[in-house]
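Topology and contacts: notes
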Amino acid sequence: NLMWYLLLLSVSATIPLTSPEGAQILYCPTTEKTIFLSAAAHFLTQSSLSDCGLATAAMLLNMFPYTYFTQSNLFTPCVKRNLLPEQVEREGLTLQQLTRVVACFRPAVRLHYADQGGVPQFRQVAREAVGGKGGLVVNYARGVLHQEGSGHFSMLAAYDPLMDLFLVMDVARYKYPPTWVKAAALFAAMNTTDTTTNTSRGYMLAL
């Protein structure tokens, strides 16, 4: 029932996939979910509090043919030229660093800062990604979505056009399940400042 979902979203910024409502959205015939099964098959749990970027990068790369990565073996010579494991353990990753990591394996990578675009552009790029044209990682501030924590990375795996919801595959699986989030709310969470770089958060597309 559409009105019930709209009422639910009026009191909560997100709908867990594990709820009856979240599952119904996924199985709705209009939901765009071409990459969902692949994303679910390669869904990882971050191994430490600072490893959300590494877990998301490994999950993303494993969706492409002939690759298999973990949060440890991502540190090839190419990656180590700009980033060391102990640095990630200590500080985590910025969106720029994550983009460079993925670019070592997928040269066609596009970084989008939220403050240089808007919801319509994000929605279009993200819909194409979940429709099978690449993989899209979002970098967002949890607090904007009324979640515990600060900056975070996760992949998108589906889109519901009826309510304008994206499915965020949260790699902190011990903390939050995959969650449906309104496109505008997710963009607002990305359109925040990463104090490490003093630049906007945003999203990254790998083709």
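Anything mentioned here points back to the structure above.
In what follows, the accompanying structure is described. None of the values given here were measured: they were computed from a predicted structure. (Residues numbered from 1 in each chain as written. Predicted model: local features only at pLDDT ≥ 70, side-chain atom pairs only at ≥ 80, totals over all residues. Heavy atoms only, no water.)

1. Quick word on the sheet that holds strand β3 (residues 135-141)
Pairing within the open sheet is antiparallel, and its seven strands lie in the order β1-β6-β5-β4-β3-β9-β2. Either end of the sheet is taken by a strand with one partner, and the two such strands are β1 (14-16) and β2 (109-113). This sheet shows a mean twist of 30° between the axes of neighbouring strands, independent of strand direction. Sheet analysis places β2 next to strand β9 (residues 202-206), joined by five bridges and oriented antiparallel. Note on β9: the bridge partner recorded for L111 is M204. Each of β2, β3, β4 (151-160) and β9 touches helix α7 (residues 95-103); the most contacted strand, β2, lies at about 170° to it. (Pairing = 2+ DSSP bridges. Helix = DSSP H or I, 4+ residues; strand = E, 2+ residues; numbered from the N terminus. Axes fitted to C-alpha atoms, helices over the stretch in contact; angles between N-to-C directions. Contact = heavy atoms within 4.5 Å.)

2. Regarding the nonpolar core
Among the nonpolar cores identified, the biggest contains 66 residues, and F122, L136, V138, L156, W180 and L186 are the most heavily contacted of them. In terms of residue count, the dominant contributor to this core is helix α4 (residues 52-62) (eight residues). Apart from residues lying up to four places away in sequence, L156 is in contact with I35, F122, A126, V130, L136, V138, F166, L167, V168 and L186. (Core = buried A, V, L, I, M, F, W, Y, C linked by side-chain atoms within 4.5 Å. Buried < 20%, exposed > 50% of the residue type's maximum accessible area, 1.4 Å probe, protein only.)

3. Comments concerning the environment of H42
Note that H42 resides in the loop between α3 (36-41) and α4. In this structure, the C-alpha to C-alpha distance between H42 and A126, residues 84 residues apart in sequence, is 19 Å. For H42, the contacting residues outside a window of four places in its chain are M59, N62 and M63. At a separation of 3.2 Å, a polar atom in the side chain of H42 contacts the main-chain carbonyl oxygen of N62. (Polar contact = N/O pair within 3.5 Å; in protein donor to acceptor, adjacent residues only side chain to side chain.)

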